[in-house]
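# Structure assessment
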Amino acid sequence: GAVVSQHPSRVICKSGTSVKIECRSLDFQATTMFWYRQFPKQSLMLMATSNEGSKATYEQGVEKDKFLINHASLTLSTLTVTSAHPEDSSFYICSASELAGGTYNEQFFGPGTRLTVL
Amino acid sequence: AQRVTQPEKLLSVFKGAPVELKCNYSYSGSPELFWYVQYSRQRLQLLLRHISRESIKGFTADLNKGETSFHLKKPFAQEEDSAMYYCALSGRTGFQKLVFGTGTRLLVSP
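An account of the accompanying structure is given in this report. (Residues numbered from 1 in each chain as written. Chains lettered and ligands numbered in written order. Predicted model: local features only at pLDDT ≥ 70, side-chain atom pairs only at ≥ 80, totals over all residues. Heavy atoms only, no water.)

## Thoughts on the sheet that holds strand S1 (residues 4-7) of chain A
Residues and elements named next belong to chain A.
- What the 4 strands build is an open sheet, ordered S1-S3-S8-S7; its pairing is antiparallel. With one partner strand each, in any of the chains shown, S1 and strand S7 (67-73) form the two edges of the open sheet. Geometrically, the sheet is characterised by an average inter-axis angle of 15° between neighbouring strands, direction not taken into account.
- Where S1 meets strand S3 (residues 19-25), 4 bridges bridge the pair, whose relative direction is antiparallel. Residue pairing across strands places Val4 opposite Ser25, the latter belonging to S3. (Pairing = 2+ DSSP bridges. Helix = DSSP H or I, 4+ residues; strand = E, 2+ residues; numbered from the N terminus. Axes fitted to C-alpha atoms, helices over the stretch in contact; angles between N-to-C directions.)

What follows is the structure, encoded as structure tokens:
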């Protein structure tokens, strides 16, 4: 299958700082990238859908100004957690998919980024 | 509302025993159902989708619209099947906007 990478794999930051997480599709062009959040022992919750060259679509309850998403190219999307607080500590996972023929091909998942806000 | 329920957090079986991981869903239309697997220290990956109607690594899953279920089954579990299994649904054709269940950890003992 296709490969999706995330960087960093783990980040620890102080409360009030901003953190950027990168998601890259290494061997295919990702028309769409998805950002998920996973709390311990809970399910993956979709935060937003990011289409290349357009604004991200956020799920209900997700603060757009808090979680800034940029999808400037077909291989890179970034998630910036602005003014991070301890409650933002979580596991953030991205996935990438290619839109072909009006339908989305399989979502390939990144390995995830563990964010800890002190 | 879209919802996926996996009632078992942990399923422990012996090698060679049959396995059934339960998944029930709630959706007003015609969803597409998937099973994803996450092996230890690896990323989430697709195991199978209901429209494919295929067996992957000996696993099968049948969509039962009457019972709104999509249980994952394997007749003879292997130790390498030990992993976290997530059931997911999409409200449209393809993989857009997946809604995941909370997952079931399958532990296969020798």
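## Observations regarding the packing of aromatic side chains
- Following the criterion strictly, the structure yields 10 aromatic pairs over all chains and no others.
- With centroids separated by 5.5 Å and ring planes inclined at 55°, the aromatic side chains of Tyr36 of chain B and Phe100 of chain B adopt a geometry described as tilted. Of the two residues, Tyr36 of chain B is situated in strand S5 (residues 32-38) and Phe100 of chain B in strand S10 (residues 98-100); the sequence distance between them amounts to 64 residues.
- Look at Phe100 of chain B and you get buried, because its relative accessible area is 5%.
- The structure contains a cluster of three or more aromatic residues connected by ring pairs, namely Tyr36 and Phe109 of chain A together with Phe34, Tyr36, Tyr86 and Phe100 of chain B. (Phe/Tyr/Trp six-rings, centres within 6.5 Å; stacked < 30°, edge-to-face > 60°. Buried < 20%, exposed > 50% of the residue type's maximum accessible area, 1.4 Å probe, protein only.)

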